[in-house]
Amino acid sequence: MKIEILGTGCAKCKTLEAVVKEAVAKSGKFVQIEKVDDLMEIMKYQVVSTPGLVIDNKVVSTGRVLSVEEVLSLINESSGVN
């Protein structure tokens, strides 16, 4: 599984990155986490409001900081665990 955090370095983007890292640690899953701060790369996902969260090339959230529980839920949904 690959999770990308889209953002140019604003406070919300940094907070989401910390939340994602905590959620991944709690999930116990092997997850590749990548921070994407290149504007051209972000635009490829058609995200207009950051931070953005992408799981396995699918945009799952834009414009807000999710909670650890929300990210855990998205990780489980993406891996087929409910």
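Criteria and cut-off values
- Residues numbered from 1 in each chain as written.
- Predicted model: local features only at pLDDT ≥ 70, side-chain atom pairs only at ≥ 80, totals over all residues.
- Heavy atoms only, no water.
- Axes fitted to C-alpha atoms, helices over the stretch in contact; angles between N-to-C directions.
- Helix = DSSP H or I, 4+ residues; strand = E, 2+ residues; numbered from the N terminus.
- Parallel < 35°, antiparallel > 145°, perpendicular 65-115°, else oblique.
- Left-handed = near helix turned anticlockwise from the far one by under 90°.
- Contact = heavy atoms within 4.5 Å.
- Pairing = 2+ DSSP bridges.
- Salt bridge = Lys/Arg side-chain N within 4 Å of Asp/Glu carboxyl O.
- Buried < 20%, exposed > 50% of the residue type's maximum accessible area, 1.4 Å probe, protein only.

Draft legend 1. Region of the structure containing the packing of helix α1 (residues 11–27) against helix α3 (residues 68–78). Running from amino to carboxyl end, α1 crosses α3 at an angle of 55 degrees, the nearest separation of the two axes being 9 Å. Overall, the two elements α1 and α3 adopt an arrangement that is oblique. Here α1 and α3 pass one another in a crossing that is right-handed. Residues Val19, Val20, Glu22, Ala23, Val24, Lys26 and Ser27 of α1 lie in contact with α3, whose contacting residues are Val68, Val71, Leu72 and Ile75.

Draft legend 2. View of the sheet that holds strand β4 (residues 58–62). Taken together, the 4 strands give an open sheet; going across it, the order is β2-β1-β3-β4, and neighbouring strands pair in mixed fashion. Each edge of the sheet is formed by a strand with only one pairing partner; in this case those strands are β2 (32–36) and β4. Neighbouring strand axes in the sheet, compared pairwise and without regard to direction, differ in orientation by 20 degrees on average. Bridge count for strand β1 (residues 2–6) against β2 is 5 bridges, and the pairing is parallel. Directly across from Leu6, in β2, lies its bridge partner Val36. Packing against the sheet, α1 makes contact with β1, β2 and β3 (52–55), and its axis sits at approximately 165 degrees to β1.

Draft legend 3. View of the pattern of salt bridges. Enumeration according to the criterion identifies 5 salt bridges in this entry. Its salt-bridge partner being Lys21, residue Glu17 comes within 3.5 Å of it at the nearest N-O pair. Taken as a pair, Glu17 and Lys21 lie in helix α1 at a separation of 4 residues, close to a single helical turn. Overall, the relative accessible area of 45% leaves Lys21 in the partly exposed class. The shortest N-O distance in the salt bridge between Glu41 and Lys44 comes to 2.9 Å. Residue Glu41 and its partner Lys44 are located together in helix α2 (residues 39–44), separated by 3 residues, close to a single helical turn. Owing to a relative accessible area of 34%, Glu41 belongs among the partly exposed residues under this scheme.

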